[in-house]
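Working through the structure, step by step
Each chain is listed here by its residues.
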Amino acid sequence: MTTIVFTLYFHPQVYADNLFSPSFEIDMGTINITGGNKTSATYRLSDTVGQTAQGQFNSSGYIIKAGFQYVRELTPFTFTISNLDLNYGSLVPGTPSLLTNILTVTTGSAYGYTVKVLEDHPLRISNGSTTIADTSCNLASACTQTDATVWDDNTRYGFGYNIQGTDVDTADFVDNTYFRPFPIQDIDSPATVMSRSGIATASAATVTYKINIAGSQATGTYQNNIQYIAIPSF
Amino acid sequence: MTSLHYRHCESQSAEAIPAITGTPKLLLKSQYRRFTPSGISEPQFEVPKFAMTILLLIIFLTSVICHPPSASASSYGVSLTPPLLRVNIKPGKSITQVFTISNLNNEDKLLVARIVPFTQSDDRGNPSIDMKSNPSWLNYFGLANTHIKLGSPFTVKAKSSEQLILALSVPANAILRDLYSTLLISTYSNISSPKFQGSQVSAAIGANLLVTLHSDINPPTILKISSILPNTGAFFKVGNIYFVDNITPLSFSTSVKNEGNFTSETKGIFKVTGQNNTPTYLEGILPVYVISNTQRILLNSEGRNFSFSPNLSQIGFYKIIVQINSENSHTENSIDIFFFPFKIMAGLIFASIFLTVILRTNKTQKIEYFPIE
């Protein structure tokens, strides 16, 4: 059934319905079984219409449309992350440690996407409750989970991230000195780190994770989980 | 230096930026025998065979311990298709849809699939998923696979795919409404090992499910198109009329709000009409979904703002109209514009003034050269 509906809606042979008049007007609901692009010097149209769906719905009780009308083939939505294990090494108080990984998104037949991020909790000692707090960046301009600001003061401690690359909000992450703290799972809403309205082909962005501790930070093994969620637009 | 018990042989991956530098120095004085004439030392390794073997063994073991291949190669690469499923279904009916999940990595991946509801989206169709929400209608969904269930981990082998058969069974007494959710497939991880140090990154990929439960294929929709606003071009507004230069390309933005309870689609046209409502330009609207009680930006079929390039012959009143039509509703909005060659007229006026000034200046100068005796 899906195949039948899909074939009707994405029918490649649309040439019989080329419409040429420069002054023509379409009543979208009354053309039967056509679809595709129609262009002339004065108009560009892409539509799929048909009234057979009504009959199918009445007989079977459902209509399924998988994918997007304006994309003729179903190509997969793809998300990759270059490195999943971020080990910050032995930390020196007042000397930030930095690590990076790369996020890559290909929308395929989706028309746009967002990548959001959150952490399960701040970096926390494995056998206790002591944490390395999430950063609030420089004292002069505190950052939030949705607003990056400069963090280059080595007397400001914490854990945060910067992202640079394609489909990144450069008005927020102005350069690689701008950081945000991670939102916390079950407490905060995930923060958007990459977003695009339209087709993306291997959009890539580099995330830099920064950690800076005070001399009073308790010795131990600190850990947390950072989750990225890539969802296409609809 | 505060020791946090982190390994000493970390941060060696290609992506690592070691902020703390401190290369271990293993200097064997006996290895440096002489200097080259240029003064640059040239080590000569005249080490006994046994010592060389031990040294090589240490180097080998160090490299194996510090560079475990699995640690540096741990990455994520997953694809999912289709990215969107739109279903209109009557209560009491069931459907299935196959989703294909592919593991692009060189290692097997343990994944878990679940349905996460959402109720809102931004004006570009990006859902705001709610991980904590657990409405009762989530029970309508399930996986028809033999060995894979929602919420239970399953393995996708390296460089291979797995098909998830999503089943939707709507009870006959289900409330007529829309159900918005995302099929979210996450990397599965148990509680981190106490030995793991740092941040462990996990990932999830989704596909959106827009389901309408109704006995009619076209449930009533209420769409309202917001004001059409010129973005670029040369124009000014007096009252409700835009006065627009007719040699400057124009672009317009607008959006639509779904005030109904069911998802609607933005099938329609953007058009420019002249006298007698004769269309002079038509452009298709990108057909996207607008879920209930949300707003969505309208774009042309290429995903950009609507554009129109008038020409010199177009002078007078025109209308910019945006129409959206569905099987049982019609909505449109329009603005009035007056095309006029303002730039050309301004140029002509400026040139006329310039010429007049020049001519008057020349006239004055001629009078000065020929004084009356």
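A brief structural summary.

**Regarding the overall build of chain A**
Along its length, chain A carries 2 helices and 15 strands. The 234 residues of chain A split such that 46% are buried.

**Considerations on the overall build of chain B**
A count of helices and strands for chain B gives 3 helices and 25 strands. Counting all 373 residues of chain B, 34% fall into the buried class. Considering only intrachain contacts with a sequence separation of at least 6, the fraction spanning at least 24 residues in chain B is 69%.

**Re the nonpolar core**
Val115, Tyr228 and Ala230 of chain A together with Leu183, Ile185 and Ile205 of chain B are the most contacted members of the largest nonpolar core, which has 118 residues in total. Here this core gets 9 residues from one element, more than from any other, and that element is strand β12 (residues 198–213) of chain B. Excluding anything up to four places from it in sequence, Ile205 of chain B contacts Phe77, Phe79 and Ala230 of chain A together with Val78, Leu80 and Ile185 of chain B.

**As for the pairing of strand β3 (residues 62–66) of chain A**
Counting buried positions over the 5 residues of β3 of chain A gives 5, a clear majority of the element. The two faces of β3 of chain A match: Tyr62, Ile64 and Ala66 of chain A on one face and Ile63 and Lys65 of chain A on the other face are all buried.

**Overview of the sheet that holds strand β5 (residues 94–103) of chain B**
With respect to topology, 8 strands assemble into an open sheet ordered β11(A)-β14(A)-β6(A)-β4(A)-β3(B)-β5(B)-β10(B)-β8(B), the strand pairing being antiparallel. Either end of the sheet is taken by a strand with one partner, and the two such strands are β11 (158–165) of chain A together with β8 (141–143) of chain B. Neighbouring strand axes in the sheet, compared pairwise and without regard to direction, differ in orientation by 20° on average. Of the strand pairs in this sheet, β11 of chain A and strand β14 (residues 203–212) of chain A are connected by 8 bridges, and their pairing is antiparallel. Counterpart to Tyr161 of chain A in the pairing with β14 of chain A is Tyr209 of chain A.

**Looking at the pairing of strand β16 (residues 241–245) of chain B**
All names here are of chain B. Bridge count for strand β15 (residues 235–238) against β16 is 4 bridges, and the pairing is antiparallel. Bridge pairing links Phe236 to Phe243 in β16. Counting the residues between successive antiparallel strands, the hairpin from β15 to β16 contains 2 residues, one of them, Gly239, with a positive phi of roughly 65°. As paired strands, β16 and strand β25 (residues 329–340) are joined by 5 bridges and run parallel to one another. Bridging from a neighbouring strand, Phe243 pairs with Phe338 of β25.

What counts and what doesn't
- Residues numbered from 1 in each chain as written.
- Chains lettered and ligands numbered in written order.
- Predicted model: local features only at pLDDT ≥ 70, side-chain atom pairs only at ≥ 80, totals over all residues.
- Helix = DSSP H or I, 4+ residues; strand = E, 2+ residues; numbered from the N terminus.
- Buried ≥ 20, exposed ≤ 12 C-beta atoms within 10 Å, placed from the backbone.
- Contact = placed C-beta atoms within 7 Å.
- Core = buried A, V, L, I, M, F, W, Y, C linked by C-beta atoms within 7 Å.
- Pairing = 2+ DSSP bridges.
- Axes fitted to C-alpha atoms, helices over the stretch in contact; angles between N-to-C directions.

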